[in-house]
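Single-letter residue listing:
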Amino acid sequence: MSPVKEISAASLDTKEFIKEKAAEISQIVGSGVAINALSGGVDSSAVTMLGHMALKERLKSYFIDNGIMREGESQQIVSVFKKLGVNVEIIDAQNEFFDALQGITDPEAKREAITQTFYKEVFGRLVKKSEAKYLLQGTILTDIDETVARIKRQHNVFEQLGIDPQEAFGYKIIEPLVQLRKDGVRKVAEATGLPLGIFKRMPFPGPALAARVIGEVTRERIALVRKATSILEEELASVKAFQYMAILHNDRVTGMRENKREFGQQIEIRCWDSIDARQARPTRLDFSILEELASRIVSELPGVVSVTYNIATKPPSTMEAI
Ligand code: XMP
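Engineer: Whenever I open this one, empty space enclosed by the protein confuses me. Can you help?
Structural biologist: In this approach a probe as big as a water molecule rolls over the atoms, and the regions it shows empty are the leftover space. One pass over the structure, following the stated rule, counts one cavity of 30 Å³ or more. The calculated volume of the largest cavity comes to roughly 930 Å³. Lining the largest cavity are 49 residues, with Asp-43, His-155, Phe-204, Pro-205 and Gly-206 positioned closest to its centre. Taken together, the elements giving at least two residues each to the lining of the largest cavity come down to strand E1 (34-37), helix H2 (42-55), strand E2 (59-65), helix H5 (107-130), strand E4 (134-136) and helix H6 (141-148). Residue contributions to the lining of the largest cavity peak at five residues, all from H5. Of the domains in this structure, domain 1 (14-199) and domain 2 (213-309) are the two that each give at least three residues to the lining of the largest cavity.

Printed below as a string of structure tokens:
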């Protein structure tokens, strides 16, 4: 297997890249059908546009509602793509994902459960239904680097781990963005006509909010971290940062509310400055912003008594908590 040849954002000719990748997709898929999962992140959005340019209605795009996405995300993304002439079908797979995650606390085991549910169960079914032989997906070079280095098993990396998707899941995977990093993907996304809200969108991980729940992932715990995420996204909307996130801890701590002891939950806030996610520093947020965040989180999320801000760098931290 030859190593992937990186194309830096600075040397990227987006027009040429789009032309080349659309031609490659057309050539591989031929007169057949391909499918792809759109999460609304910049990677999967760029791939959806490339696939749409190459295959038109022979690309079937799905938004997998896995129950671990942010508030209102599915409807919002489907409507953005509708405006661009791309039809996206929402697939309700919430029960399947929560069942697969039940009782799992180990971070890598969680990632693996999500991967298997996504690729084997949900996609296995969609491939049969659509008779597609190919899955188009937005793997980027950073995903591969971290998986190969065994730092985190990124949910969308197979070949580099010696897994043949054809054998494991029954379809082939096409990865047009694999030579790029995030900054390059943003340039491509913009050049395909995607709106600013998408091509500048903050990264969000494949394992979604499950990457931000330490310990078992349940509907209740996801609901809590989802609400904290909404507050964070409202409060930090005007802050220029690479990425921010709210994390629900597993340990409880003693707190007090209305003069009564409360053995409560802890939310950790992380906000990162970074160029390409390989290294990152905590953003020097104004303390008044942090105070407002803490005040809203403890008052709007019953049971939360502690809010912390991460001040470690990556490395040795990683950006997500699992
Ligand atoms: P870490 O936590 O590895 O995150 O420092 C680096 C960047 O990658 C995102 N991330 C993921 N993206 N699938 C993805 O598509 C994943 O499994 C995954 N895990 C982390 C993370 O949000 C950050 O931008």
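Here the narrative resumes, following the displayed structure.
Engineer: In this structure, what is going on with unusual backbone geometry? I would like to understand it.
Structural biologist: Pro-315 follows Lys-314 through a cis peptide bond whose omega is -15°. Considering the arrangement of structural elements, one finds Pro-315 in the segment after strand E10 (304-309). Along the chain, Pro-315 connects to Pro-316 via a cis peptide bond; the corresponding omega equals 5°. Mapped onto the fold, Pro-316 is located in the segment after E10.

Engineer: Any chance you could explain the pattern of salt bridges here in plain terms?
Structural biologist: A pair can form between side chains of opposite charge whenever their charged atoms are brought close. Evaluated as defined, the whole model comprises 17 salt bridges. The salt bridge involving Arg-212 is made with Glu-320; its shortest N-O contact spans 2.8 Å. Of this pair, Arg-212 sits in the loop between helix H9 (196-199) and helix H10 (219-235) while Glu-320 sits in the segment after E10, and the two are 108 residues apart along the sequence. Take Arg-212: its relative accessible area is 1%, and that puts it in the buried class. Linking Glu-235 and Arg-296 is a salt bridge whose minimum nitrogen-to-oxygen distance equals 2.8 Å. Taken together, the positions of Glu-235 in helix H10 and Arg-296 in helix H11 (residues 287-300) put the pair 61 residues apart, joining distant regions of the chain. Among the ionic contacts, a cluster of salt bridges with common partners joins Lys-227, Glu-234, Glu-235, Arg-296 and Glu-300.

Engineer: I tried to follow the site of the ligand on my own but got confused; where do I start?
Structural biologist: Near the ligand lie 15 residues; those nearest to it are Glu-146, Lys-152, Gln-243, Lys-314 and Glu-320. Between an oxygen atom of the ligand and a side-chain N or O atom of Arg-111, the distance comes to 2.8 Å. Here an oxygen atom of the ligand and a backbone polar atom of Met-319 are 2.7 Å apart. If you map the ligand onto the pockets, it falls in the largest cavity. Looking at side-chain class alone, the shell around the ligand contains five nonpolar, five polar and five charged residues.

Engineer: What should I look at first to understand the packing of aromatic side chains in this one?
Structural biologist: Centre distance and the angle of the planes are the two values used to describe a pair of aromatic rings. Tallied over the full model, the rule gives eight aromatic pairs. Counting every residue linked through ring pairs, the aromatic cluster contains Phe-118, Tyr-119, Phe-123, Phe-158, Phe-169 and Tyr-171. The positively charged end of Arg-70 is found above the aromatic ring belonging to Phe-204, 3.8 Å away from the centroid.

Engineer: Whenever I open this one, the domain arrangement of the protein confuses me. Can you help?
Structural biologist: Frequently, the measure chosen for interface size is the accessible area that the parts lose on association. You can read the domains of the protein as domain 1 (14-199) and domain 2 (213-309). Distance between the C-alpha centres of domain 1 and domain 2: 28 Å. Counting residues at the interface gives 19 residues for domain 1, matched by 17 residues for domain 2. Of the roughly 1400 Å² buried where domain 1 meets domain 2, counting both sides, 52% is carbon and sulfur surface. Contact with domain 2 buries area across many residues of domain 1, yet Arg-70, Phe-98 and Lys-110 alone supply 30% of it, more than any other trio. On inspection of domain 1 and its partner domain 2, the count reaches one salt bridge. The partner of Glu-233 in a salt bridge is Arg-70, with the nearest N and O atoms 2.9 Å apart. Here domain 1 is connected to domain 2 by eight residue pairs in polar contact (both at pLDDT 80 or more).

Cut-offs applied
- Residues numbered from 1 in each chain as written.
- Predicted model: local features only at pLDDT ≥ 70, side-chain atom pairs only at ≥ 80, totals over all residues.
- Heavy atoms only, no water.
- 1 Å grid on protein atoms, 1.4 Å probe; cavity = no way out; pocket = protein on both sides within 12 Å on 5 of 7 lines; lining within 4 Å.
- Points joined across faces, edges and corners; volume = space filled by probe spheres on them.
- Helix = DSSP H or I, 4+ residues; strand = E, 2+ residues; numbered from the N terminus.
- Domains from an automatic or database assignment.
- Salt bridge = Lys/Arg side-chain N within 4 Å of Asp/Glu carboxyl O.
- Buried < 20%, exposed > 50% of the residue type's maximum accessible area, 1.4 Å probe, protein only.
- Near = heavy atom within 4 Å.
- Polar contact = N/O pair within 3.5 Å; in protein donor to acceptor, adjacent residues only side chain to side chain.
- Sits in = over half its atoms within 2 Å of the grid points.
- Nonpolar A, V, L, I, M, F, W, Y, C, P; charged D, E, K, R; others polar.
- Phe/Tyr/Trp six-rings, centres within 6.5 Å; stacked < 30°, edge-to-face > 60°.
- Lys NZ or Arg CZ within 6 Å of the ring centre and 35° of its normal.
- Contact = heavy atoms within 4.5 Å.
- Buried area = accessible area lost by both parts, 1.4 Å probe.

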